[in-house]
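Examining the three-dimensional arrangement
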Amino acid sequence: MIENSNSLQLHYFFKNDSHSIDAFLRNEAEKELLGIFKDISENLNISIRLETLPTEEGGFRETWKLLGQNSFQITLIVSITAMFLSRFPVENKELTQLQIENLKLDNEIKRKELEKLNLEFLNEENQLNDTVVRDTVELVLKNYKVAWRKSNLFKKLQNYHKVDYLEVQRFKDKEPVGPPRKIPRNSFSKFILKSDELPELEIADATIDVISPAIKPGRFRWKGFYQNDIITFEMNDYEFKNHVLRGDIKFSNTFSIEVEMLQKRKIDQEGNIKVTLTTVNKVIATIEFGERTEFKKK
């Protein structure tokens, strides 16, 4: 069984006897940790509040206390976060394909699984068990944002050479719960993702409402409306492009194109996915006033 806890402490051990830490590094690390707490709780559909407790020496300890209406929910989040922070990854070069695929759903299947686990343990009279925590960690690991925040955290710590190792410790009020989880400095790199690039996303059937076509020769980008966002894109269907340049296609404010397209993406420092380039490789059909006309190549 998992003992109840309501606080998590991150203990920085330094290479000297210092009890101070760079203020910018401390704030940047806390930002990533708070983001991890937030993302995990949102994944579990659990509402929490966080308080920062007074810092302690030896070398430098920061403790966050979680507040909520249910002690089991609080224990679950504290336990998951402690395990997630200290668990060595199997893959560490880039985000796994499974994490990327989960972006498409954001994730109804995963969310239902998490809700099911959440309800199962909340309906029990007994304490939270280790199996529920481990199963929930496995599901949380599929979320690219928490993986990215963890990578950012250890990237910042690796560049701060004063830190010798970290310890992650759960607490129940001021009493430690369970053994501390130690992360030596030479293991920091194992948690760092090596690339912010994501696999290219191929979309076989997308509908773009055309806002601004490129009607002059050259590598000018088009502008359109796709899935509630304004996008710019390159038109690489050269036969369709030539029809446009010759004036064979007339545009109106109801003109759309059904296309095959490719999107290049990366993750920014906030953990958000940004599309860096959208390319339309094939126009399948045009749609105007609700009428669909297949675009047939000669």
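The following paragraphs examine the structure supplied in this document. (Residues numbered from 1 in each chain as written. Predicted model: local features only at pLDDT ≥ 70, side-chain atom pairs only at ≥ 80, totals over all residues. Heavy atoms only, no water.)

Taking 1.5 Å per residue, 15 residues should reach 21 Å; helix α6 (residues 144-158) reaches 21 Å between its end C-alpha atoms and fits that length. Of all the 15 residues making up α6, 11 are buried; the element is thus mostly covered by neighbouring parts of the structure. (Helix = DSSP H or I, 4+ residues; strand = E, 2+ residues; numbered from the N terminus. Expected span 1.5 Å × (residues − 1). Buried < 20%, exposed > 50% of the residue type's maximum accessible area, 1.4 Å probe, protein only.)

Here we come to the environment of tyrosine 160. Tracing the backbone through its elements, the reader meets tyrosine 160 in the loop between α6 and β5 (163-172). A sequence separation of 135 residues divides tyrosine 160 from leucine 25, and the C-alpha atoms of the two residues are 7.8 Å apart. Residues within four places of tyrosine 160 in sequence aside, it is in contact with Phe14, Ser20, Ile21, Asp22, Leu25 and Arg185. Among the polar contacts made by the side chain of tyrosine 160, one reaches the main-chain amide nitrogen of aspartate 22 at a distance of 3.0 Å. (Contact = heavy atoms within 4.5 Å. Polar contact = N/O pair within 3.5 Å; in protein donor to acceptor, adjacent residues only side chain to side chain.)

Attention now moves to helix α1 (residues 23-43). Between its first and last C-alpha, α1 extends 30 Å over 21 residues, near the 30 Å set by a 1.5 Å rise per residue. Considered for burial, the residues of α1 that qualify are Leu25, Ala29, Glu30, Glu32, Leu33, Gly35, Ile36, Phe37, Asp39, Ile40, Ser41 and Asn43. A distance of 3.0 Å separates the backbone nitrogen of phenylalanine 24 from a side-chain oxygen at the start of α1, and that oxygen is part of aspartate 22.

Within this structure, the stated rule accounts for nine aromatic pairs. Arranged with centres 6.2 Å apart and planes meeting at 40°, the rings of tryptophan 222 and phenylalanine 240 form a pair that is tilted. Of this pair, tryptophan 222 sits in strand β8 (residues 222-226) while phenylalanine 240 sits in helix α7 (residues 238-246), placing them 18 residues apart in sequence. Per residue, the accessibility class of tryptophan 222 equals that of phenylalanine 240, and both read buried. Centroid distance phenylalanine 240 to phenylalanine 295: 5.1 Å. Interplanar angle 85°. Geometry classified as edge-to-face. Of this pair, phenylalanine 240 sits in helix α7 while phenylalanine 295 is found in the segment after β12 (291-294), placing the two residues 55 residues apart along the sequence. Classification of phenylalanine 240 as buried rests on a relative accessible area of 0%. In this structure an aromatic cluster arises from ring pairing among Trp222, Phe233, Phe240, Phe251, Phe255 and Phe295. (Phe/Tyr/Trp six-rings, centres within 6.5 Å; stacked < 30°, edge-to-face > 60°.)

Bringing the side chain of threonine 278 into the picture now. With respect to the element layout, threonine 278 can be found in strand β11 (residues 273-288). Here the side chain of threonine 278 touches glutamine 263 through a polar contact of 3.3 Å, side chain to side chain. Once you skip the residues sitting within four places of it in the chain, threonine 278 turns out to touch Ile231, Thr232, Phe233, Glu234, Met261, Leu262 and Gln263.

Moving on: the pattern of salt bridges. This structure, assessed with the given rule, holds nine salt bridges. Across the pair aspartate 173 and lysine 65 runs a salt bridge whose closest N-O atoms are separated by 3.8 Å. Linking aspartate 173 in the loop between β5 and β6 (175-184) with lysine 65 in strand β4 (residues 60-67), this pair joins segments that are 108 residues apart in sequence. Taking relative accessible area as the criterion, aspartate 173 reaches 41% and is therefore assigned partly exposed. Take lysine 65: its relative accessible area is 24%, and that puts it in the partly exposed class. Here glutamate 234 makes a salt bridge to arginine 221, at a shortest N to O gap of 3.6 Å. (Salt bridge = Lys/Arg side-chain N within 4 Å of Asp/Glu carboxyl O.)

Before going further, it helps to spend a moment on the nonpolar core. Burial of nonpolar side chains together is a common tendency in soluble globular proteins. Counting residues in hydrophobic clusters, the biggest one holds 42 residues, and the most contacted among them are Tyr12, Ile40, Ile77, Ile80, Phe154, Leu157 and Leu166. No other element matches the nine residues that helix α2 (residues 71-86) contributes to this core. Not counting the four nearest positions on each side in its chain, phenylalanine 154 is found in contact with Leu85, Leu166, Ile183, Phe188, Phe191 and Ile192. Core analysis: the next-biggest nonpolar cluster, separate from the first, contains 21 residues, Ala214, Trp222, Val244 and Phe295 among them. (Core = buried A, V, L, I, M, F, W, Y, C linked by side-chain atoms within 4.5 Å.)

Examined against the element boundaries, leucine 66 turns out to sit in strand β4. Leucine 66 sits in the buried class, given a relative accessible area of 3%. Separated by 58 residues in sequence, leucine 66 and leucine 8 have C-alpha atoms that sit 8.3 Å apart. With residues up to four places along the chain from it excluded, the contact list for leucine 66 reads Asn6, Phe37, Ile48, Arg49, Leu50, Ile74, Ile77 and Val78.

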